[in-house]
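# Coordinate analysis (summary)
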Amino acid sequence: MSEPVIYDLSAPGKGVVTPPASPLPPLDVQAAFGSYAETDERARPHLPQVSEVEIMRHYTHLSAMNFGVDSGAYPLGSCTMKYNPRINEDACRLPGFAELHPAQPPTSAQGALRLMYELQTDLATASGFAATSLQPAAGAHGEYTALMVFRAALAARGEAKTRTVVLIPDTAHGTNPASVTMAGFTSKTIPSTEEGLVDVQALKAALGPDVAAFMLTNPNTVGIFDPQILEMTAAVHEAGAYAYCDGANFNAILGVVRPGDLGFDALHINLHKTFSTPHGGGGPGAGPICVTEELADFLPGPVVERVLAEGNTAAAGYRFVNPPRSIGRVRSWYGNFGVMVRAWVYIRALGAAGLRKVGQQAVLSANYLRVLLEGVFEVAYNRICMHEFVLSGAPFAKAYGVHTLDIAKRLLDFGFHPPTIYFPLIVEEAMMFEPTETEPLASLDALASALLSIAQEAETNPELLHSAPHSTPVRRLDEAGAARDPQLRWTNTTEVA
Amino acid sequence: MAYPNDRKYTPEHEWILVEGDEASVGITEYAQEQLGAVVYVDLPEAGDTFDVGDTFGEVESVKSVSELYMPVAGEVQSVNTHLSAAPDIINDDPYEDGWLIRISMSDLSELDSLLDAAAYEASLS
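Just so we're clear, the structure is a prediction, and the values are computed from it rather than from any experiment. Numbers given to residues run from 1 along each chain, matching the order in which its sequence is written. The naming scheme follows written order: chains are lettered A onward, ligands numbered 1 onward. Given that the model is predicted, a residue must reach a pLDDT of at least 70 before its local features are reported, and side-chain atom pairs must reach 80 or more before they are shown or counted; all residues, however, enter totals for whole chains, interfaces and linings.

On to the overall build of chain A. Counting secondary structure elements, chain A contains 17 helices and 13 strands. Its C-alpha radius of gyration of 26 Å places chain A within 12% of the 23 Å reference for a compact globule of 497 residues. The principal-axis extents of the C-alpha atoms in chain A amount to approximately 80 × 75 × 45 Å. Each residue is classified by how many other C-beta atoms fall within 10 Å of its C-beta atom, where C-beta atoms are placed from the backbone; a count of 20 or more means buried, 12 or fewer means exposed, and values in between mean partly exposed. For chain A, the residues scored as buried account for 42% of the 497 residues in total. The contact criterion used here is simple: two residues whose C-beta atoms, placed from the backbone, lie within 7 Å are in contact. Nonlocal contacts in chain A, meaning residues at least 24 apart in sequence, comprise 72% of its contacts between residues at least 6 apart. Comment: elements are numbered from the N terminus, with helices defined as DSSP H or I runs of at least four residues and strands as E runs of at least two. What the globule rule says is 2.2 Å times the number of residues to the power 0.38, and the radius of gyration is computed from C-alpha atoms.

Right, here's the structure in full:
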């Protein structure tokens, strides 16, 4: 099934509704807008002329071709593609939230401020930190914001010019070195041991008076919780640097371990991962950061403060304040508020005990799947894992010429979203699985059974994998061609009047 | 896979071929195979100088982005300008047409610490 672009359905005269003629006198656009009222061809929007039923069918077809966590298992490692409960959507559409204007006086939006205050507090409590900024609009934005907070704190110590290096393990997400560079630091890679953990001796050797911070994802991207963490954060602090926790994998330890208790100074939390807000369409996301008491004064403003006015109940409530030594705003207005409502609802719907079960169940799901696969696939650093694990497709590549990309494409034919592939970089032909806590047992069994069938096909019929997928709306896409020679415009093949 | 004997190799999968006063630098057959289809190459400019081990550019494939490391210290004399329009040359011919940069070397003795073809090939298994 292929679907034309909507312009291909267009024909002159087809339309939707013709409104009755307006009783108002026509506006002289030229007189009203002068040179802004360009009337030449370039300025006129070439909108397609399509009937309503065609529009409905077009977009319904497209939506049916889409694959989301609502259609099937989506074990995209490191992305925490958990189901997003519908109660989140109900709540954020309540008129009291949905119809707020960010410019209205905070005194008239006390419910929204209370929700933000409680989310700040809940996130700080769950992560073991003193203060939260809800502003960052995504995980990488949170990384960048925390690094700017570190820089401001270093400047206050007179060390911003001397501490310019940020240490990052080789298992890190690519956003870490990118955030470091954006924030004006230089990144330096710390190698991993053969067990997939940070090489602590290499870390200690790299620590010095030029180091501003150490960034660590724990559990890391091979799904292992690094047990050396207390030794590492102590060494980082002894060297006068800050320890940053990339909270991309916070889901695995939710309610069990608090990064603040591990000696970290700051953490970002991807609300769209751990707290069940949509990943949809590349945004909006939210990547709040939580920091220690020492760093709280440097957080971006405004943050929400609760005012307890004894004896003067009229003054009690919630208000926006700027932390005293704030790095300033990192986002217009107050961040992605609709995302905050969803996360707040998720937290309140589950409660503390429920959040703890999230982490436990996510770990159990990953281990269940790992054990079903380990006899046939090579598991990198095979041991009890956290929320995700990494398979290496290298043996299949060597024996049958079947690569990880072929296995991932073939999985589409079985109705599953592929895992994250070719990441982390330290595992050859990597496939990274994160089933999340919301995947039912039967679905985990079906996913494992599909992968085991594919492993057999790799041996008996490798061509089937090389040419996969076979049952999708489009077949194997030319990814290299798309990157080398991208066609970013639809070309008008028929005249649109 | 083929690893020509006329040049030296790094553990990071670059090769260096000495030609008179200059040397050309590229990535190995193993590296291009691991990367998969190369879609973009970021190279330095003539006149840039680097120490041994410095990052002199990046090569991006459909799978990942990898940094390019200087096998020896030197100054860039020229870069392979064909690669910007046709980065797939690196996949098709990593040792000849797929060269990345030509450099003048500042310390010829640095070549001694690099791997020969046999040692490089042994390091891959």
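This is not the end of the story, as more comes after the structure.
The next thing to look at is helix α5 (residues 110-127) of chain A. Residue and element names in this part refer to chain A. The span one expects for a helix is its residue count, reduced by one, times 1.5 Å. Spanning 18 residues, α5 covers 26 Å between terminal C-alpha atoms, matching the ideal 26 Å at 1.5 Å per step. When we look at burial in α5, the residues that qualify are Ala112, Leu115, Met116, Tyr117, Leu119, Gln120, Leu123, Ala124, Ala126 and Ser127. Among the residues trailing α5, glycine 128 stands out with phi positive, at a value near 80 degrees.

Before going further, it helps to examine the domain arrangement of chain A. Note on interface size: it is often stated as the accessible area lost on association of the parts. Segmentation of the chain into domains, including their bounds, is taken from an automatic or database domain assignment. Entries for chain A in the domain assignment read domain 1 (6-65), domain 2 (86-348) and domain 3 (357-483). Between the C-alpha centres of domain 1 of chain A and domain 2 of chain A there is a distance of 44 Å.

Here we take up unusual backbone geometry. Residue and element names in this part refer to chain A. Following asparagine 218, the chain continues to proline 219 via a peptide bond in cis, the omega torsion being 0 degrees. With respect to the secondary-structure elements, proline 219 resides in the loop between β4 (211-217) and α9 (229-238). At the junction of alanine 468 and proline 469, the peptide bond is cis and its omega measures out at 5 degrees in the coordinates. Counting through the fold element by element, proline 469 comes out in the loop between α16 (462-466) and α17 (479-484). Located in the positive-phi region is serine 78, a residue other than glycine, with phi close to 75 degrees.

This next bit is on the pairing of strand β8 (residues 74-79) of chain B. Residue and element names in this part refer to chain B. Note that strand β5 (residues 49-50) and β8 share two bridges and pair antiparallel. Counted as the bridge partner of phenylalanine 50 is glycine 74 from β8. Strand pairing is assigned whenever DSSP detects at least two bridges linking the two strands. In this sheet, strand β9 (residues 101-105) lies alongside β8 in antiparallel orientation, the contact comprising five bridges. Note on β9: the bridge partner recorded for valine 79 is isoleucine 101.

All names here are of chain A. Taken in spatial order, the seven strands make up an open sheet running β1-β7-β6-β5-β4-β2-β3, and their pairing is mixed. The open sheet has two edge strands, β1 (131-133) and β3 (186-190), and neither has a second partner. Adjacent strand axes in the sheet meet at a mean angle of 25 degrees, parallel and antiparallel pairs treated alike. For strand β2 (residues 165-169) and β3, the ladder comprises five bridges, and the chain directions are parallel. When the bridges of β3 are listed, valine 165 appears paired with threonine 186. Between the N-to-C directions of two axes lies an angle of 0 to 180 degrees, each axis being a line fitted to C-alpha atoms and, for a helix, fitted only over the stretch in contact.

Moving on to α9(A). Residues and elements named next belong to chain A. Looking only at α9, the buried set comprises Ile229, Met232, Thr233 and Val236. Angularly, the buried residues of α9 cover 95 degrees about the axis, an arc narrow enough to put them on a single face. Counted as exposed and oriented over 90 degrees from the buried face of α9: Leu230, Ala234 and Glu238. In this fold, the buried residues of α9 make contact with α8 (200-206), β4 and β5 (242-246). Directly after α9, the chain includes glycine 240, whose backbone phi takes a positive value near 80 degrees. Each C-beta atom gives one direction from the helix axis, and the arc is the one those directions make.

Here we come to the packing of α5(A) against helix α12 (residues 337-373) of chain A. For any two helices packed against each other, the geometry is given by the interaxial angle and the distance between the axes. Residue and element names in this part refer to chain A. Where α5 contacts α12, the two axes come as close as 10 Å, and the packing angle between them is 50 degrees. The orientation of α5 relative to α12 falls into the category oblique. In terms of crossing hand, the pair formed by α5 and α12 is left-handed. Counted together, Ala112, Leu115, Met116, Glu118, Leu119, Asp122 and Ala126 of α5 and Phe337, Met340, Val341, Ala343, Trp344, Ile347 and Leu355 of α12 form the full contact between these two elements. Roughly parallel means an angle under 35 degrees; roughly antiparallel, over 145; roughly perpendicular, 65 to 115; everything else is oblique. With the far helix as reference, a near helix turned anticlockwise by less than a right angle produces a left-handed crossing, and one turned clockwise produces a right-handed crossing.

All names here are of chain A. Summarising the element assignment, methionine 215 is placed in strand β4. Separated by 153 residues in sequence, methionine 215 and tyrosine 368 have C-alpha atoms that sit 30 Å apart. Leaving out residues up to four positions away in the same chain, methionine 215 has contacts with Val166, Ile168, Ala172, Asn176, Tyr244 and Asp246.

It is worth spelling out the pairing of β9(B) at this point. Both strand β3 (residues 22-27) of chain B and β9(B) contribute to a ladder of four bridges, which runs antiparallel. Bridged to Glu22(B) within β9(B) is Ser104(B).

The next point concerns the nonpolar core. A general feature of soluble globular proteins is that nonpolar side chains tend to end up buried together. Here, a nonpolar core means buried Ala, Val, Leu, Ile, Met, Phe, Trp, Tyr and Cys residues linked by C-beta atoms lying within 7 Å of one another. Counting 126 residues, the largest nonpolar core has Ala213(A), Phe214(A), Tyr244(A), Ala266(A), Cys290(A), Val291(A) and Met340(A) as its most contacted members. Examining the composition of this core, we find that 16 residues originate from one element, α12(A), more than from any other. Both domain 2 (86-348) and domain 3 (357-483) of chain A contribute no fewer than three residues apiece to this core. Not counting the four nearest positions on each side in its chain, Val291(A) is found in contact with Phe129(A), Ala130(A), Ala131(A), Val149(A), Asp265(A), Ala266(A), Ala296(A) and Leu299(A). Ranked by size, the runner-up nonpolar core spans 27 residues in total, among them Trp15(B), Leu68(B), Val79(B) and Ile101(B).

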